[in-house]
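Structural overview
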Amino acid sequence: MQYKVDKNGYYGNFGGAFIPEMLYPNVEELRQNYLAIMEDPSFQQEFKALLSDYVGRPSPLYLAQRLSEHFGARVYLKREDLNHTGAHKINNTIGQILLAQRLGKKRIIAETGAGQHGVATATVCALMGIDCVVYMGEVDIHRQKPNVERMKLLGAKVVPALSGSKTLKDATNEAMRHWINNPVDTHYIIGSVVGPHPYPDMVARFQSVISEEMIWQLEEKEGRKSPDYIVACVGGGSNAAGSYYHYMDDPAVKLVAAEAGGEGIKSGKSAATTFLGKPGVLHGSKTLLMQTQDGQVVEPHSISAGLDYPGIGPLHAHLFDAGRARFISITDAEAMKAGILLCKLEGIIPAIESAHAIAALNKMELADADVLVINLSGRGDKDLETYIKWGGY
Ligand SMILES: *Cc1c(COP(=O)(O)O)cnc(C)c1O
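Quick summary incoming for the structure in this document. (Residues numbered from 1 in each chain as written. Predicted model: local features only at pLDDT ≥ 70, side-chain atom pairs only at ≥ 80, totals over all residues. Heavy atoms only, no water.)

Thoughts on the overall build of the chain
In terms of helices and strands, the chain carries 16 helices and 14 strands. Computed over its C-alpha atoms, the radius of gyration of the chain comes to 19 Å, within 12% of the 21 Å expected for a compact globule of 393 residues. Each principal axis of the C-alpha distribution contributes one length, and for the chain these read about 55 × 45 × 40 Å. The contacts in the chain between residues at least 6 apart in sequence include a share of 73% that link residues at least 24 apart. Just so you have it, the chain exposes about 15,700 Å², and 52% of that area is on carbon and sulfur atoms. Once the 39 positive and 44 negative side-chain charges of the chain are each reduced to a mean point, those two points are 2 Å apart. (Helix = DSSP H or I, 4+ residues; strand = E, 2+ residues; numbered from the N terminus. Rg over C-alpha atoms; globule rule 2.2 N^0.38 Å. Contact = heavy atoms within 4.5 Å. Areas by Shrake-Rupley, 256 points an atom, 1.4 Å probe, with all protein chains shown as cover. Lys, Arg positive; Asp, Glu negative; His and termini not counted. Charge placed at Lys NZ, Arg CZ, Asp CG, Glu CD.)

Now the structure itself:
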């Protein structure tokens, strides 16, 4: 079974590029150039230097002793929470800004829901002195004030999306519209392994620095290159794709994906795409998404903004379809409990997205000798208000 993208931009039955004709030249320019640019030694050198000196990589692989005792296995945390800007998203935005420069682009656009991807994009635009416009639903602008201010402080322009439900999908539509109207000088930075080919493959490759580091870090600490399990939360799926990447073809490494169950799969307030979704087209690719009988996208719910997405990327739809990854649905309450547990046992306040991955261990049968890596995708500072409202600590 092949898990990486094929030459037509597909992962099994999923993927492709379902885009309006007007967008075709932009996407095609990217498709024709991304691999050659990324594989160029001077690109790799600049990318690696920024990951090291600006982002702070390699991120540590930390053997969490007390968490290990709690779950009865050897539990490592891959510390993406220690990256500059507090999550894995910066790995991708650094890569895409370098790529945009080499394509001669003068302006960056992005869409953002909770603002995390918007902040990571505004950050690299400031770093490179490139104009940055971030589209954000008007409702989200009010919900995510601190991130809006961060983006502005970093010099980005935040444009409200006023149509539809005024949330992420409307911001995406606005960004696409802008890109169609400015095809020559603008690059659109997508923040996860979603969107038309080649975005899912490109983003997965930028994030694959995570599993690349895990290989030598595990060798150093465990005397073996691969773990028994890799556990990651899945919104669109970029931190999961990056932590699975170099292990996807090794069936001895079990892949576990934690989805946001929200208030429960049957509650009507959920984002558990593999349980509730059906094949369809979202954000330019064929994938699994939550939709009504007549194909309208269903508004998702999760307590964590980063997992509040009605689909998953095509790679993950394929990993699910092929049975390569096990998907576990974690409710808001289970995630909050696991997040608080990590605070108490390890002195690490995780992003609530990442807490979903920790909670998944409660639903796995583990043996003492099992080696697990949990990808700790981000830190919890941004979620302090949610922790306070939830209470119970
Ligand atoms: C955005 C985000 C996610 C979800 O995005 P993926 O593309 O699924 O990785 C998960 N964790 C954190 C901390 C995030 O900011």
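Here's the deal with the packing of aromatic side chains
Evaluation of the coordinates by the stated rule reveals seven aromatic pairs. Relative to Phe327, the ring of Phe320 has its centre 5.4 Å away and its plane inclined at 85°; by these criteria the two rings are edge-to-face. With relative accessibility at 33%, the residue Phe320 sits in the partly exposed group. Counting every residue linked through ring pairs, the aromatic cluster contains Phe43, Phe47 and Phe206. (Phe/Tyr/Trp six-rings, centres within 6.5 Å; stacked < 30°, edge-to-face > 60°. Buried < 20%, exposed > 50% of the residue type's maximum accessible area, 1.4 Å probe, protein only.)

Points about the side chain of Ser192
The topology assignment puts Ser192 in the loop between strand E8 (186-188) and helix H9 (199-207). Its relative accessible area of 14% is what places Ser192 among the buried residues. At 3.3 Å, the side chain of Ser192 and the backbone nitrogen of Ser238 are in polar contact. With residues up to four places along the chain from it excluded, the contact list for Ser192 reads Val203, Gly236, Gly237 and Ser238. (Polar contact = N/O pair within 3.5 Å; in protein donor to acceptor, adjacent residues only side chain to side chain.)

Some remarks on the sheet that holds strand E13 (residues 325-331)
Overall, mixed pairing links the six strands, which are arranged E3-E4-E14-E9-E10-E13 in an open sheet. At either margin of the open sheet sits one strand with a lone partner, and together these are strand E3 (61-63) and E13. Across this sheet, the average inter-strand angle for adjacent strands is 25°, counted without regard to direction. Sheet topology note: the strand E9 (residues 229-233)/strand E10 (residues 254-262) ladder contains five bridges and is parallel. Of the residues in E10, the one forming a bridge with Cys233 is Ala258. Against the sheet, helix H10 (residues 209-222) engages E3, strand E4 (74-79), E9 and strand E14 (371-376), with an angle of about 140° to E4. (Pairing = 2+ DSSP bridges. Axes fitted to C-alpha atoms, helices over the stretch in contact; angles between N-to-C directions.)

Notes on the environment of Ser208
The topology assignment puts Ser208 in the loop between H9 and H10. Remark: the alpha-carbon pair of Ser208 and Gln144, spanning 64 residues in sequence, is separated by 29 Å. Leaving out residues up to four positions away in the same chain, Ser208 has contacts with Gly242, Tyr245 and His246. A polar atom in the side chain of Ser208 sits 2.7 Å from the backbone oxygen of Arg205.

Looking at the site of the ligand
Lining the immediate environment of the ligand, one finds 16 residues, of which Lys89, Ser192, Gly235, Gly237 and Ser238 sit closest. Gly235 places a main-chain nitrogen or oxygen 2.7 Å from an oxygen atom of the ligand. Taking Gly237, its main chain carries an N or O atom lying 2.7 Å from an oxygen atom of the ligand. For the ligand, whose unbound accessible area comes to 390 Å², protein coverage reaches 97%. For the shell around the ligand, the residue count by class is three nonpolar, eleven polar and two charged. (Near = heavy atom within 4 Å. Nonpolar A, V, L, I, M, F, W, Y, C, P; charged D, E, K, R; others polar.)

A look at the side chain of Thr186
As for its position among the elements, Thr186 is in strand E8. Of note is the side chain of Thr186, whose polar atom sits 3.0 Å from the side chain of Asp185.

As for the pattern of salt bridges
Pairing of side chains with opposite charge becomes possible as their charged atoms draw close. Counted under the stated rule, the structure contains 23 salt bridges. The closest approach of N and O atoms between Glu29 and Lys105, which form a salt bridge, is 2.8 Å. Separated by 76 residues along the polypeptide, Glu29 in helix H1 (residues 24-39) and Lys105 in the loop between helix H4 (89-102) and strand E5 (107-112) bring together distant segments of the chain. (Salt bridge = Lys/Arg side-chain N within 4 Å of Asp/Glu carboxyl O.)

Considering the pairing of E10
The side chains of a regular strand alternate, residue by residue, between the two faces of the sheet. Burial analysis of E10 places eight of its nine residues in the buried class, which makes it a mostly covered element. Viewed along the sheet, the connection from E9 through helix H11 (residues 238-244) into E10 turns out right-handed. (Right-handed = clockwise from strand over helix to strand, strands pointing away.)

Examining the pairing of E5
Counted residue by residue, E5 has five buried out of six residues, so it is predominantly covered. Across six bridges, the pairing between E5 and strand E6 (residues 131-137) is parallel. From the neighbouring strand, Ile108 faces E6, where its bridge partner is Cys132. With respect to chirality, the unit in which E5 leads through helix H5 (residues 116-128) into the neighbouring parallel E6 is right-handed. Pairing of E5 with E8, which is carried by three bridges, proceeds in the parallel orientation. The residue of E8 that forms the bridge with Ile109 is Tyr188.

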